[in-house]
Amino acid sequence: MSENVAAIDIQGLTHTYQKNFWEKKRLALDSLDLRVEPGEIFGFLGANGAGKTTTIKILVGLQTQMRGNAFIFGIPTTDMECHRKIGFMPENPYFYEYLTARESMDFYAALCDLPKAGRQKRSDELLDFVGLSAARDVRLREFSKGMRQRLGIAQAIVHEPPLVILDEPMSGLDPVGRRQVREAILDLHSRGVTVFFSSHILSDIEMICHRAALIDHGKLLAAGTLDSMLETRELEIEVVGADLPEADRAMLAATAKRSVERSGEWLFTFDSWEGANRAVDILRERGRLLELRVIKETLEDYFMRSTGQARAEVKSPTGE
């Protein structure tokens, strides 16, 4: 395989849909171009309804594109051969509730034509990989949401694909479950697997992705490293101090963007270095300077700036 071949190569992908015969067609993807390199952890970012799941369905062959092309390691997604190179977990994976974790993994191994003699060993290896070895004989109806997500990752890689595509893998999980799924993704990367996952949980993309793309209403707004996407300007400067006379506290609170008292310490937030430097000088002279922090643009700030979304539309880390 050529080193220049992308793991995912999307060229001018366009897709329309209509809910029923009488409605006008709606544009789900609008001339989408995207390239994911082998070995990357790539985050696909967008609000609900932005076109993330439609893109993923086209990549894994569950939906056909109207116009454009999509390739997996140089093979068109319309070619059944490319499916051997993909491991896929949908947002809400379905499992047979009466099977145990080990039985379920054996079932998926059989679907992938793994030899019967090696299925149990492969199943046990993967359950151990996703941290479910202690629950191998537990029926899936007793699994939590986080355990189901980790089992979904295990079934996605049973045939050792070089590319794993995950649709909203951390959605609806508690902090412990999200961390476990993040660790599984990092472990896949350490084995040389390319991981492409969609999410509207900004912190997860910010924590583990090499590159990311932002999609909105079916159009690509930006793609690249997070450093290249985020601006380096300082948004706010926070000054933390204590033991400050009341008059000085009142003066700084009046000039600060906001001020908060917590356990005898004061946090002053400024939107310019002029105000922050004045607070630092006063604290050094007549109080105690405890901390100085520069708050730079986050992925959430970038998301708001690029899409114009109201903050209420961005999901919290718990997905609620």
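This write-up is about the structure you can find in this document. (Residues numbered from 1 in each chain as written. Predicted model: local features only at pLDDT ≥ 70, side-chain atom pairs only at ≥ 80, totals over all residues. Heavy atoms only, no water.)

### Quick look at the sheet that holds strand β4 (residues 67-72)
Taken in spatial order, the four strands line up as β2-β1-β4-β5 in an open sheet, and their pairing is antiparallel. At either margin of the open sheet sits one strand with a lone partner, and together these are β2 (26-36) and β5 (75-76). Packed on one face of the sheet, helix α1 (residues 52-59) meets β1 (8-17), β2 and β4 and runs near 115° to β1. (Pairing = 2+ DSSP bridges. Helix = DSSP H or I, 4+ residues; strand = E, 2+ residues; numbered from the N terminus. Contact = heavy atoms within 4.5 Å. Axes fitted to C-alpha atoms, helices over the stretch in contact; angles between N-to-C directions.)

### Some details on the environment of K219
Within the secondary structure, K219 sits in strand β10 (residues 219-225). Separated by 192 residues in sequence, K219 and L27 place their C-alpha atoms 9.8 Å apart. What K219 contacts, discounting residues up to four positions off in sequence, is D30 and L214.

### Considerations on the sheet that holds strand β3 (residues 41-45)
Spatially, six strands are ordered β6-β7-β8-β3-β9-β10 in an open sheet, and the strand pairing comes out mixed. Strand pairing shows two members of the sheet lacking a second neighbour, β6 (86-89) and β10, which therefore form its edges. On average, each strand axis in the sheet is inclined to that of its neighbour by 15°, with strand direction left out of account. Of the pairings in the sheet, the one linking β3 to strand β8 (residues 194-199) comprises five bridges and is parallel in character. Across the sheet, the residue bridging to I41 is V195, located in β8.

### Observations regarding a nonpolar patch on the surface
A contiguous nonpolar surface patch, about 580 Å² in accessible area, is contributed by Y94, Y96, Y98, F107 and L111. By the element assignment, Y98 lies in the loop between β6 and α2 (101-111). A relative accessible area of 51% means that Y98 is categorised as exposed. (Patch = residues over 30% accessible without salt bridge, like charges linked within 9 Å, V, L, I, M, F, W, Y side chains within 5 Å. Areas by Shrake-Rupley, 256 points an atom, 1.4 Å probe, with all protein chains shown as cover. Salt bridge = Lys/Arg side-chain N within 4 Å of Asp/Glu carboxyl O. Buried < 20%, exposed > 50% of the residue type's maximum accessible area, 1.4 Å probe, protein only.)

### Thoughts on the layout of surface pockets
The calculated volume of the largest pocket comes to roughly 670 Å³. Taken together, 20 residues make up the lining of the largest pocket; nearest its centre are H83, I86, F88, C112 and H159. Among the secondary structure elements, those contributing two or more residues to the lining of the largest pocket are β6, α2 and α4 (145-156). The greatest single-element share of the lining of the largest pocket, amounting to three residues, is contributed by β6. The class makeup of the residues in the lining of the largest pocket is 14 nonpolar, four polar and two charged. Empty space within the second largest pocket amounts to approximately 320 Å³. Taken together, 18 residues form the lining of the second largest pocket, with G49, A50, G51, K52 and T54 sitting closest to its centre. (1 Å grid on protein atoms, 1.4 Å probe; cavity = no way out; pocket = protein on both sides within 12 Å on 5 of 7 lines; lining within 4 Å. Points joined across faces, edges and corners; volume = space filled by probe spheres on them. Nonpolar A, V, L, I, M, F, W, Y, C, P; charged D, E, K, R; others polar.)

Fair warning: the whole summary comes from geometry, so function is off the table for now.
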